[in-house]
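So you can see what is in the structure, the chains are spelled out below.
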Amino acid sequence: DAMVIQNPRYQVTQFGKPVTLSCSQTLNHNVMYWYQQKSSQAPKLLFHYYDKDFNNEADTPDNFQSRRPNTSFCFLDIRSPGLGDAAMYLCAIRTGTYNEQFFGPGTRLTVL
Amino acid sequence: GQQLNQSPQSMFIQEGEDVSMNCTSSSIFNTWLWYKQDPGEGPVLLIALYKAGELTSNGRLTAQFGITRKDSFLNISASIPSDVGIYFCAGRDTSGTYKYIFGTGTRLKVLA
C-alpha cells in the first residue's frame, strides 16, 4: 500500500500564478519532508517538519512556503512560480523506528 | 547544500555483469540509505544500514556500511535490463537532525 501519496502527479502552471502541491501519508509519521529535484540531480531539501515544528533550509527561496495542518497532510505553496521552479517535487516521510526515509511518487511541475 | 561523493557518476555494463558503486563522506554517519530512481518516479528505498560493518542484502543487491562510518558500498550482482536507473546514497550524520544528505547519484545503463 502507498505510504506517501502526492497529488497531482503532473501540474502545469503559468509564470507567476500561485500553485499548491499536496502530500499525504497513511501512517501518521512525525517527520515529513519536501524536496526539489531537477533533471537527474540529487533531491534538494527545501524544508522538513517534526510534527508541527517547521525547519526551513537556509537556501530555500522565500517563494516557497509550506503548511502542515495535521499529521497526515503537508502542502507546498509556490507563491510566484518562475521558469526556474520547474522541477520534480518530492514529499517524503521518516519512520520513527528505523530512521528510514520513504518518498512519494513526486509531482512534476511545469511552468509556462 | 552538502552532498556526498558518489562514484562512479555513470556506468554502462553488459547484462549479467556485477556492478559496484560507493559513497564517501567527510563526516561520520549513523545511517546509510540506498535508493533507486526510475524516470518520472520518486526514489525507492532499496537497503538501509545502521551499524559500522553491517552487510545487508536485498535479492541481488548487497550494501555495506563502511567500518570508518564515512562510506558505504552497493553491489548489484548479475545485472538485468530493469536495473537501469539512477542510484542514490543518502546518509544521516550524528548531529541529531532529521535531515539526510544525498549523494550525487550513479546512472546505470545495462546493455542487453
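Everything discussed here concerns the structure shown above.
Predicted model, so just to flag it, every value in this text is computed and none were measured. (Residues numbered from 1 in each chain as written. Chains lettered and ligands numbered in written order. Predicted model: local features only at pLDDT ≥ 70, side-chain atom pairs only at ≥ 80, totals over all residues. Heavy atoms only, no water.)

Asks: Just checking my understanding: could you explain the packing of aromatic side chains for this structure?
Replies: Each aromatic ring pair is summarised here by two numbers: the centre-to-centre distance and the angle between the ring planes. A full pass over the atoms with the stated rule returns 14 aromatic pairs over all chains. With 5.3 Å between their ring centres and 45° between their planes, F47(A) and F54(A) make a pair best called tilted. Site record: aromatic cluster; members linked through ring pairs are Y33(A), Y35(A), F103(A), Y35(B), F88(B), Y100(B) and F102(B). (Phe/Tyr/Trp six-rings, centres within 6.5 Å; stacked < 30°, edge-to-face > 60°.)

Asks: Is there a simple way to think about the environment of G96(A) in this case?
Replies: Note on placement: G96(A) falls in the loop between β9 (87-94) and β10 (101-103). It is 7.0 Å that separates the C-alpha atoms of G96(A) and H29(A), two residues lying 67 residues apart in sequence. (Helix = DSSP H or I, 4+ residues; strand = E, 2+ residues; numbered from the N terminus.)

Asks: When you look at the interface of chain A and chain B in this model, what are you seeing that I'm missing?
Replies: Quite often, the size of an interface is put as the accessible area lost when its parts meet. Contacts between the two partners involve 25 residues from chain A and, on the opposite side, 22 residues from chain B. Summing both sides of the interface, chain A and chain B together bury roughly 1,900 Å²; the carbon and sulfur share of this comes to 54%. Linking chain A to chain B there are two salt bridges. Between K99(B) and E57(A) there is a salt bridge whose closest N-O contact spans 3.2 Å. Linking chain A to chain B there are eight residue pairs in polar contact (both at pLDDT 80 or more). Residue assignment for the side of chain A that touches chain B shows that the elements contributing at least two residues are β4 (31-37), β5 (44-50), β9 and β10 of chain A. Residues that form the side of chain A that touches chain B fall into these classes: 13 nonpolar, seven polar and five charged. (Contact = heavy atoms within 4.5 Å. Buried area = accessible area lost by both parts, 1.4 Å probe. Salt bridge = Lys/Arg side-chain N within 4 Å of Asp/Glu carboxyl O. Polar contact = N/O pair within 3.5 Å; in protein donor to acceptor, adjacent residues only side chain to side chain. Nonpolar A, V, L, I, M, F, W, Y, C, P; charged D, E, K, R; others polar.)

Asks: What am I meant to see in the layout of surface pockets here?
Replies: In this approach a probe as big as a water molecule rolls over the atoms, and the regions it shows empty are the leftover space. Estimated volume of the second largest pocket: approximately 270 Å³. Around the second largest pocket, the lining is made up of 17 residues, and of these S40(A), D38(B), P39(B), G40(B) and I86(B) lie nearest the centre. Looking at the lining of the second largest pocket element by element, the count peaks at three residues for strand β11 (residues 106-111) of chain B. Tallied by class, the residues present in the lining of the second largest pocket amount to five nonpolar, six polar and six charged. (1 Å grid on protein atoms, 1.4 Å probe; cavity = no way out; pocket = protein on both sides within 12 Å on 5 of 7 lines; lining within 4 Å. Points joined across faces, edges and corners; volume = space filled by probe spheres on them.)

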